[in-house]
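# Per-entry structural report
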Amino acid sequence: MTLARHLPRGEVWEREVPCINQAIRSLFNLNQRIRKADCLELLRSENQTPSKTVSGRNMGNKPGNSPKGTNDVDGHSSVSDLANSLTGDMVMLSPGSEEDDHEGPVNEKLGRIQFSVGYSFAESNLTVKILKGQDLPAKDFSGTSDPFVKLYLLPDKKNRLETKVKHKNLNPSWNETFLFEGFPFEKVRERTLYLQVLDFDRFSRNDPIGEVSIPLNKVDLAHQQTFWKELKPCSDGSAGRGDLLLSLCYNPTANTITVNCIKARNLKAMDIGGTSDPYVKLWLMHKDKRVEKKKTVIIKRCLNPVFNESFPFEVPAHMLRETTIIITVMDKDKFSRNDVIGKIYLSWKSGPAEVKHWKDMMSRPRTNVAQWHALKA
């Protein structure tokens, strides 16, 4: 400030402006290096297992101008291409915390179930009471579920019992009692009580929510004991469908949500030859009404496809809380009906991973926010 008292204003301006510009350029270059280093660190694990991929330079493709499916021979080149494309305006987020560098789908909480079990030695009956569920995930695009419980005494899967369906309820109370009659205690101790919670669907296959199993030889059956158990992912084929990397971008000025289907990994093989011909289908839903459908190109014979296709959807601001984007990975079949590999429901009220991605998108307008999602049945 002392210099300003002795020099004309114009001369002070000429001397200080270059310094200011140099400082701004330095800060900008530092920010670019940090962003690129972060993205390369997130993608470093990809170099460990290179797969057949499509060139990743077309992140900004418009619908209808999707890249042709040419496979790279060198897996490292496709990784570096994808890294270069990510270092533009994309933020790669872990589904857990923003500071976590782990890349992968979130370990979704499936809620828990309360039940009791006991044995009557006088009548040789095993009594199982299904009491209630808590914090179940939403399986329907309306943001809720219609849960019910199946009961088995493994290894016997032929004889099963079921509770009633509790419609539109994520914290259901069943309070139902089931008797397995005429069971000698010695045989009961050889069985495992298996409970599977499902979401009832009137028009298609019921969606599994989670399961609990408890060996009865580890329970004191002389008294009716009550348990709270966390639900685990079902092991009946609903798991192991693969993961999908998506980015979302919300533009409040244009009232659009742009979904970028980047790539998938470890997709379930649906064809006899041990592979699949995957593509992605997207439905924009307002309440329970289908509004618009879009889909990617088909990648032939590939379980780790790269799509890199962007799809903008017009969503007015007042409709955001009633909007769901249903993303389905399909297997193309030339001679029969296409198979569903897995689904994702994106909205502000679906599962924990989906809700987190939706909120991250809303909190970072005009920025592509990327996240892995586990495909569900």
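Calculation criteria
Residues numbered from 1 in each chain as written. Predicted model: local features only at pLDDT ≥ 70, side-chain atom pairs only at ≥ 80, totals over all residues. Heavy atoms only, no water. Helix = DSSP H or I, 4+ residues; strand = E, 2+ residues; numbered from the N terminus. Buried < 20%, exposed > 50% of the residue type's maximum accessible area, 1.4 Å probe, protein only. Areas by Shrake-Rupley, 256 points an atom, 1.4 Å probe, with all protein chains shown as cover. 1 Å grid on protein atoms, 1.4 Å probe; cavity = no way out; pocket = protein on both sides within 12 Å on 5 of 7 lines; lining within 4 Å. Points joined across faces, edges and corners; volume = space filled by probe spheres on them. Salt bridge = Lys/Arg side-chain N within 4 Å of Asp/Glu carboxyl O. Polar contact = N/O pair within 3.5 Å; in protein donor to acceptor, adjacent residues only side chain to side chain. Contact = heavy atoms within 4.5 Å. Expected span 1.5 Å × (residues − 1). Pairing = 2+ DSSP bridges.

## Some remarks on the overall build of the protein
- In terms of regular secondary structure, the protein is built from five helices and 17 strands.
- Expressed as a percentage of the 377 residues in the protein, the buried residues total 46%.
- Of the roughly 20500 Å² that the protein leaves accessible, carbon and sulfur atoms contribute 50%.

## Some points on empty space enclosed by the protein
- Under the defined criterion, the tally for this structure stands at one cavity of 30 Å³ or more.
- Taken as a whole, the largest cavity holds about 80 Å³ of empty space.
- As for the largest cavity, its lining consists of eleven residues, of which Ala 138, Lys 139, Tyr 345, Glu 354 and Lys 376 are closest to the centre.

## Some thoughts on the pattern of salt bridges
- In this structure the tally under the stated criterion is six salt bridges.
- Among the salt bridges present, the one from Glu 292 reaches Lys 294, with a minimum N-O distance of 3.5 Å.
- The class for Glu 292 is partly exposed, based on a relative accessible area of 29%.
- Residue class for Lys 294 comes out buried when judged on its relative accessible area of 15%.
- In this structure, a network of salt bridges that share partners links the residues Lys 356, Asp 360 and Arg 364.

## Notes on the side chain of Thr 323
- Note that Thr 323 resides in strand β15 (residues 323–331).
- In terms of polar contacts, Thr 323 uses its side chain to reach the backbone carbonyl oxygen of Met 319, at 2.6 Å.
- Excluding residues that lie within four positions of it along the chain, Thr 323 makes contacts with Leu 284, Met 285, His 286, Val 315, Leu 346, Ser 347 and Trp 358.

## Remarks on helix α5 (residues 352–363)
- For α5, which comprises twelve residues, the first-to-last C-alpha distance of 16 Å matches the rise-based estimate of 16 Å (1.5 Å per residue) to within 8%.
- Every buried residue belonging to α5 is among Ala 353, Glu 354, Val 355, Lys 356, His 357, Trp 358, Asp 360 and Met 361, and all of these are buried.

## So, the pairing of strand β4 (residues 147–154)
- By the criterion of burial, β4 is predominantly enclosed, with seven of the eight residues buried.
- Bridge count for β4 against strand β7 (residues 192–199) is eight bridges, and the pairing is antiparallel. Opposite Val 149, over in β7, you have Val 197 as the bridge partner.
- Where β4 and strand β5 (residues 156–162) come together, three bridges link them in antiparallel fashion. Following the sheet pairing, Leu 153 is matched in β5 by Asp 156.
- Here β4 folds back onto β5, and the loop between the two strands holds one residue.

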